[in-house]
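So the chains spell out like this:
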Amino acid sequence: MSTLARARCVYGAHPSTMDAALAAAVLICMVAGSFVDPHGPEGVNWVLRTPDVLSLALMTAGAAALAFRRRAPMAVLAVTGGVSVVESVTGDPRAPVVMAAVIALYTVAASTDRPTTWRVGLLTMTVLTGAAMLAGSLPWYAQENLAVFAWTGIGATAGDAVRSRRAFVQAIRDRAEKAERTREEEARRRVAEERLRIARDLHDVVAHHIALVNVQAGVASHVMDKRPDQAKEALAHVREASRSALDELRATVGLLRQSGDPEAPTEPAPGLARLDELVGTFQHAGLRVELARTDQGTELPAAVDLAAYRIIQEALTNVQKHAGRQAKAEVSVVRVGPDIEVTVLDDGLADGEAPDAPAEGGGHGLLGMRERVTAVRGTLTTGPRYGGGFRVHAILPVKSRTDAATEATEATGDPV
């Protein structure tokens, strides 16, 4: 560590002690300068002289005031300026009391703002220079009088420069700290979003396939003795559903275990192109599902396509879990203007009893649906139907905002 750096550390740790040391050093310099008279009988001749008692008292008062310059800079400037004016009027020859006022003006400029520095600096320069020029035996254009003007200007300018540098360094530190906090917050946000995405995918996979396994296992148990062929078919569906669940779980866990960038998946993400296959799995499980589509030829963004597929999958899974195998579900996918509407209805229990509708706080299925719809800037409406059953209705945008802005730009020729 350099000597200047060590001095800064000591000054920062003990500011009052350093101010007292500065005041003592200034007093020594002023007293030493008061013993020298540059105006001898033969022109510029440096000869020793003895300062008067008043000058020594004024120098001591000005130096003592500097010990409090950090606590009350304006008051210290007023005191040092006052003793400098008194010395200008009474001193002959003058002692360098104005040195204390220059340091006090520097402190004011370094600790306040620029407008205050301008006002106080001009006032101090005017008062001290005017007193030096109008009082005393020297002519107004004497070198000592011009030196008062120059040194007060230098003190104010130096203090303003130091204040500006401190503000600049502090701004850099603030920006660095803000950037660090922003990076940490962004990393936490990305981790939270990834955890939610993984949780939604795992829930969709596990809930769908386990529900199918549960239904088919119940069928097999019920008809095992009387209709073994049907029981064998149900167990085959159990095996197929469990294998699909294991494959999807293995793929998801494999992506999480990779240390580098994940490889591109060998199978595309599920979408509405596989909707018939999805409906078929529920129909094989005994659920009556009717499908109606008017979205042929519609190309959806990958996120919207996946969200529509998962919403239908989760809604049918809830029908199978809560309404029973005898319930009837209706699935419709309709293109309406710039949106695509996905609706899943069920009629509740076959015997007319109220269905066990999924509650908002009872699981994560409806929450996952809502999160997926919100992620693609769509809307979701869920709730019981009048007369029994449950309704899931999602409105998803066919085009993202980026695609819409690009098309508008190409059509008008102007950026949107």
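None of these values were measured; they are calculated from a predicted model.

Considerations on the overall build of the protein
- Within the protein, the regular secondary structure consists of twelve helices and seven strands.
- For the protein, with 416 residues in total, the buried portion stands at 34%.
- If you take every contact in the protein between residues at least 6 apart in sequence, the share linking residues at least 24 apart comes to 65%.
- Accessible surface computed for the protein: about 24,700 Å², of which carbon and sulfur atoms make up 60%.

A few points about the environment of Gly 387
- Mapped onto the secondary structure, Gly 387 falls in the loop between β6 (379-384) and β7 (390-397).
- Assessed through its relative accessible area of 80%, Gly 387 is described here as exposed.
- When the C-alpha positions of Gly 387 and Gly 348 are compared, they lie 9.0 Å apart, and in sequence the two are 39 residues distant.

Some points on the sheet that holds strand β5 (residues 339-346)
- Across the sheet, which stays open at both edges, the five strands sit in the order β3-β4-β5-β7-β6 with mixed pairing between neighbours. Lying at the two open borders of the sheet, with one neighbouring strand each, are β3 (288-294) and β6. Across the sheet, the mean angle separating the axes of adjacent strands is 10 degrees when strand polarity is ignored.
- Bridge count between β5 and β7: eight bridges; the pairing is antiparallel. By the bridge assignment, Val 344 is partnered in β7 with Val 392.
- Strands β3 and β4 (328-336) of the sheet are contacted by helix α9 (residues 275-284), whose axis makes an angle of about 165 degrees with β3.
- Strand contacts of helix α11 (residues 365-375): β6 and β7, with the helix running at about 155 degrees to β6, the strand carrying the most contacts.

As for the packing of helix α2 (residues 15-34) against helix α5 (residues 98-111)
- In the contact formed by α2 and α5, the axes pass within 9 Å of each other and the chain directions differ by 145 degrees. For the pair α2 and α5, the contacting residues are Leu 22, Val 26, Cys 29 and Met 30 in the first and Met 99, Ala 100 and Ile 103 in the second.
- Grouping the amino acids of the contact of α2 with α5 by side-chain chemistry returns seven nonpolar, no polar and no charged.

Re the environment of Ala 199
- Inspection of the secondary structure assignment puts Ala 199 in helix α7 (residues 143-223).
- Accessibility expressed as a relative area gives 42% for Ala 199, which makes it partly exposed.
- A sequence separation of 169 residues divides Ala 199 from Gly 368, and the C-alpha atoms of the two residues are 8.6 Å apart.

Regarding α5
- Counted at 1.5 Å a residue, the expected span for α5 with its 14 residues is 20 Å, and the 20 Å between its end C-alpha atoms agrees.
- Judged by how many residues are buried, α5 sits mostly within the fold: ten of 14 residues are covered.

Here's the deal with the pairing of β4
- Sheet topology note: the β3/β4 ladder contains seven bridges and is parallel. Within β4, the position partnered with Leu 291 by the bridge is Val 331.
- Bridge analysis of β4 against β5 gives eight bridges, and the strand direction is antiparallel. Paired with Val 331 across the bridge in β5 is Val 344.
- Counting the residues that bridge the hairpin from β4 to β5 gives two residues, and of these Gly 337 lies at a positive phi of roughly 60 degrees.

Cut-offs used in this document
- Residues numbered from 1 in each chain as written.
- Predicted model: local features only at pLDDT ≥ 70, side-chain atom pairs only at ≥ 80, totals over all residues.
- Heavy atoms only, no water.
- Helix = DSSP H or I, 4+ residues; strand = E, 2+ residues; numbered from the N terminus.
- Buried < 20%, exposed > 50% of the residue type's maximum accessible area, 1.4 Å probe, protein only.
- Contact = heavy atoms within 4.5 Å.
- Areas by Shrake-Rupley, 256 points an atom, 1.4 Å probe, with all protein chains shown as cover.
- Pairing = 2+ DSSP bridges.
- Axes fitted to C-alpha atoms, helices over the stretch in contact; angles between N-to-C directions.
- Nonpolar A, V, L, I, M, F, W, Y, C, P; charged D, E, K, R; others polar.
- Expected span 1.5 Å × (residues − 1).

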